[in-house]
Amino acid sequence: VSCAKPIRCEFNKNPMESDYDVIYKVLVIGESYVGKTSLINSMRHETYTRNLMPTVGVDFVNQDYDVDGHRVRLQIWDTAGQERFRDINKFMYRGTKGLLLVFDITDKNTFDSINYWMRTLAEADIDSEEVIIVGNKCDLWWQRKIKLAAAEKLAKYHSSKYFETSAKENTNVTELFSQMAYDLVEANNPKLL
Ligand code: GDP
């Protein structure tokens, strides 16, 4: 009820054992505590943990999708614990095709920082093909500080899509990552679709 519906969701979401046609590197970034690690866990259908310890170091997981018969692997990097750009090793950004830029809809500071992230990425000449802005924790609708219209406006300004998710309740999480896989295929090789 309180979560915006995904803009588009036309996806096969059958994870596969092995083997893929294309692989895309996707980075999950945003301020501390917005739920980056939780989103990845939720995408993996791993149990939501109420009090996750802040992530130390950087890690990635692979998740496979079937985009209209094409086997797509997302290599998803969690940057939690290294939120400040200057602390993030440049190698982490190398080859990044997709960015999930996450804020917490109950925390205005994390929303305001989206512009900061966009600027920093631009200044560092990091030019990803697909950026999706993500308003997480939409299960906490009564604590909402950021109106849907404001978030959509920001996303439009940055030519991004906007999703609202709840890692806790697994709302729109599959759709979010599926959309990223779909968009990356479309951006890289439209004739595949
Ligand atoms: P990260 O630092 O961005 O990786 O954030 P975490 O994934 O560690 O989450 C920070 C805190 O927010 C943890 O206590 C999570 O349990 C909580 N959290 C994450 N996602 C959600 C969500 O969708 N809803 C609610 N209510 N809490 C969340």
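The name recorded for the chain in an unreviewed UniProt entry is Ras-related protein Rab-13-like, from Priapulus caudatus. The Sequence similarities (unreviewed entry) field of the UniProt record for the chain holds the comment "Belongs to the small GTPase superfamily. Rab family."

Engineer: Even after reading the chapter, I still don't get the sheet that holds strand S4 (residues 96-104), so can you show me in this structure?
Structural biologist: Hydrogen bonds along the backbone pair up the strands of a sheet, which may run parallel or antiparallel. Here we have six strands laid out as an open sheet, ordered S2-S3-S1-S4-S5-S6, and mixed in their pairing. The two strands at the open ends of the sheet, each matched to only one other strand, are strand S2 (59-67) and strand S6 (161-164). Averaged over neighbouring strand pairs, the angle between their axes works out to 25° when direction is ignored. When strand S1 (residues 22-30) meets strand S3 (residues 70-78), the two strands line up parallel, connected through seven bridges.

Engineer: Teacher, can you tell me more about the confidence of the model for the chain here?
Structural biologist: Predicted coordinates in regions of low pLDDT should not be interpreted in detail. Summarising the model, the chain shows a mean pLDDT of 80, and 75% of its residues fall at 70 or more. The low-confidence segment residues 1-17 (pLDDT under 50) makes 31 contacts with residues lying over four places distant or belonging to another chain. In this model, residues 50-54 is a region of pLDDT below 50 whose contacts with residues beyond four sequence positions or in other chains number five contacts.

Engineer: Can you help me understand the nonpolar core in this one?
Structural biologist: With 45 residues, the main nonpolar core has Val28, Leu74, Leu100, Leu101, Ile133, Met180 and Ala181 as its most contacted residues. Beyond its immediate stretch of four places on either side in the chain, Leu74 contacts Tyr24, Val26, Gln63, Tyr65, Phe177, Met180 and Ala181.

Engineer: Help me understand the environment of Ser128, please; the structure alone is not making it clear to me.
Structural biologist: Among the secondary structure elements, Ser128 is positioned in the loop between helix H3 (108-123) and strand S5 (130-136). According to the C-beta neighbour criterion, Ser128 is partly exposed, with 19 such atoms within 10 Å. Along the sequence, Ser128 and Met43 sit 85 residues apart, while their C-alpha atoms lie 21 Å from each other.

Engineer: Sorry if this is basic, but what is going on with H3 here?
Structural biologist: Because an α-helix packs 3.6 residues into every turn, residues spaced three or four apart end up facing the same way. Spanning 16 residues, H3 covers 24 Å between terminal C-alpha atoms, matching the ideal 22 Å at 1.5 Å per step. Check the buried side of H3 and you find it contacts S1, S4, S5 and helix H4 (148-157). Note on H3: the residue one or two positions beyond its end, Asp125, has a positive phi of about 65°.

Cut-off values and rules
Residues numbered from 1 in each chain as written. Predicted model: local features only at pLDDT ≥ 70, side-chain atom pairs only at ≥ 80, totals over all residues. UniProt positions renumbered as here; feature names shortened; annotations may be inferred. Pairing = 2+ DSSP bridges. Helix = DSSP H or I, 4+ residues; strand = E, 2+ residues; numbered from the N terminus. Axes fitted to C-alpha atoms, helices over the stretch in contact; angles between N-to-C directions. pLDDT = per-residue confidence, 0-100. Contact = placed C-beta atoms within 7 Å. Core = buried A, V, L, I, M, F, W, Y, C linked by C-beta atoms within 7 Å. Buried ≥ 20, exposed ≤ 12 C-beta atoms within 10 Å, placed from the backbone. Expected span 1.5 Å × (residues − 1).

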